[in-house]
Amino acid sequence: MKYRSTVGKSPEVSLEEAVVKGLAPDNGLYMPLSFPTLPKEFFDRLPEMSLPEMASEIASALFGEDIEKDALEKLTKETLNFPIPLVKVNDDIYSLELFHGPTLAFKDVGARFMARLLGYFNRDNTDRLVNVLVATSGDTGSAVANGFLGVDGVRVFVLYPKGKVSRIQEAQFTTLGKNINALEIEGNFDDCQALVKKAFLDEELNQKMMLTSANSINVARFLPQMFYYFHAYAQAVKAGAKPDEVVLCVPSGNFGNITAGLIAKRMGLPIKRFIAANNANDIFLNYLNTGTYSPKKSVQTIANAMDVGDPSNFVRILDLYDNSHEAISAEISGTSYSDAEISETLKTTFDKDGYLLDPHGAVAYRALASMLKPQETGIFLETAHPAKFKETVEKIIEKEVEVPERLNDFLKNEKKTSPLPADFETFKKHLLNSI
Ligand SMILES: *Cc1c(COP(=O)(O)O)cnc(C)c1O
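Residues numbered from 1 in each chain as written. Predicted model: local features only at pLDDT ≥ 70, side-chain atom pairs only at ≥ 80, totals over all residues. Heavy atoms only, no water.

## Structural notes on the overall build of the protein
- A tally of helices and strands in the protein yields 20 helices and 13 strands.
- Taken over C-alpha atoms, the radius of gyration comes to 21 Å for the protein, in line with the 22 Å a tight globule of 435 residues would show.
- Taking the principal axes of the C-alpha coordinates as reference, the protein spans close to 60 × 50 × 45 Å.
- Scored against the burial criterion, the 435 residues of the protein give a buried share of 57%.
- Residue pairs in contact within the protein that sit at least 24 positions apart in sequence constitute 74% of those at least 6 positions apart.
- Only carbon and sulfur atoms are counted for the fraction: they give 49% of the accessible area of the protein, which is about 17700 Å². (Helix = DSSP H or I, 4+ residues; strand = E, 2+ residues; numbered from the N terminus. Rg over C-alpha atoms; globule rule 2.2 N^0.38 Å. Buried < 20%, exposed > 50% of the residue type's maximum accessible area, 1.4 Å probe, protein only. Contact = heavy atoms within 4.5 Å. Areas by Shrake-Rupley, 256 points an atom, 1.4 Å probe, with all protein chains shown as cover.)

Below, the structure is given as structure tokens:
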């Protein structure tokens, strides 16, 4: 399968090149040239298949020309070595719990797949060293660092804003060592992001080092997220949902997760419709209402992994629907909730249904609870474990939240980090010195 740029002004590339480059040279995002539809026979077997089994078949349809069958199967199985259960919250609403992986957030899936894919591409190329640069406000850094830990031929630099990530988040990428380097930047998240963007454009750096991104602009991060949409659908139908009445609701920030779901539908998964649930950052909802996309400066909310004012994967959605506002609005609806509404939902769902949401999942649950029609079954993606937002959640429910042991384990190890000013020349020198 070849990959093309959404801008359309650069050549088609192989999967390997799309993954290693991250962004196309014309600044577009890579998309698969076509979407293979899975045969009816696959959907007939879907209810009986395990998640790794169905993922291997989906991966084979998409990446089968680029990776040997056995290697791809191994890679998919290793990625999905934790459960992703579908849990009933109440009558017709289910939670897809994506937080049972190593860093307790859905980003584990994409990060683990991408790391293993880069490892595969490096298998015969022992001198090649790929440097992954990632700016994080918390969750991305931990998933990428843990996903890439110990992968041959890959080094990770995590840039994070000093004093602005929680202690537990920081511990998840500063205590690993090996091929993971944590850079503590004297600035905010935007400063970290700006340093990374500048590095990708710097000619000298790119001549001397191979640089790539592990954000959801990378096809190897966002495409594998489609696996669990098939799994969620199959589980819901097994639990009694009408096969053509399943609605998926996705708490969205950069819109990588929901885009993977839209592509799953293109490949034949009969999801009825999608809801993109947002916090106060309502750029997508505004687009649906007006037909105009106007990025804004992001505002801070309690669902902070979704505080995005210019979602990077929006261009992929436009691309999927040939820029048709009508087609997009027919398939996806939007909502936006304030912090007060998110808190209220989190508290009532806990008190009434005995289900503890995290702030991101709460946004999505609320959207389903208010927008689901009779006959429909709603699934929302619960993207992180509530303990990752312990202080926020405890304040809302007025009870203690238990922290899973593997999250606490990170705190036991020594923190290693390189403090740097938010200055590009100093950052560049640091990277060059590391060669
Ligand atoms: C990253 C993240 C999101 C947003 O996902 P996108 O793919 O960027 O839309 C939602 N919830 C949590 C917990 C996240 O970490």
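Next, the rest of the story.
## Comments concerning the site of the ligand
- Taken together, 15 residues lie around the ligand, and K107, G253, N254, F255 and T383 are the ones closest in.
- Taking K107, its side chain carries an N or O atom lying 2.5 Å from an oxygen atom of the ligand.
- Between the ligand and N254 there is a distance of 2.8 Å, counted from an oxygen atom to a backbone nitrogen or oxygen.
- In isolation the ligand exposes 390 Å². Once the protein is present, 97% of that is buried.
- The residue inventory of the shell around the ligand, partitioned by class, reads six nonpolar, seven polar and two charged. (Near = heavy atom within 4 Å. Polar contact = N/O pair within 3.5 Å; in protein donor to acceptor, adjacent residues only side chain to side chain. Nonpolar A, V, L, I, M, F, W, Y, C, P; charged D, E, K, R; others polar.)

## Description of the pairing of strand β4 (residues 93–97)
- Counting buried residues along β4, five of its five residues qualify, which places the element largely inside the surrounding structure.
- Burial of the side chains of β4 extends over both faces: I93, S95 and E97 are buried on one face and Y94 and L96 on the other.
- With four bridges connecting them, strand β3 (residues 86–90) and β4 associate as antiparallel partners. Within β4, the position partnered with N90 by the bridge is I93.
- Pairing geometry for β4 and strand β12 (residues 377–382), over five bridges, is parallel. Looking across to β12, one finds that L96 is bridged to L381. (Pairing = 2+ DSSP bridges.)

## Re the packing of helix α11 (residues 227–238) against helix α12 (residues 256–266)
- Viewed as axis vectors pointing N to C, α11 and α12 meet at an angle of 65°, and their least axial separation amounts to 8 Å. In terms of axis orientation, α11 runs roughly perpendicular to α12. Between α11 and α12 lies a crossing of right-handed hand. Contacts from Y228, Y229 and F230 in α11 reach N257, I258, A260, G261 and A264 in α12.
- Tallied by class, residues from the contact of α11 with α12 come to six nonpolar, two polar and no charged. (Axes fitted to C-alpha atoms, helices over the stretch in contact; angles between N-to-C directions. Parallel < 35°, antiparallel > 145°, perpendicular 65-115°, else oblique. Left-handed = near helix turned anticlockwise from the far one by under 90°.)

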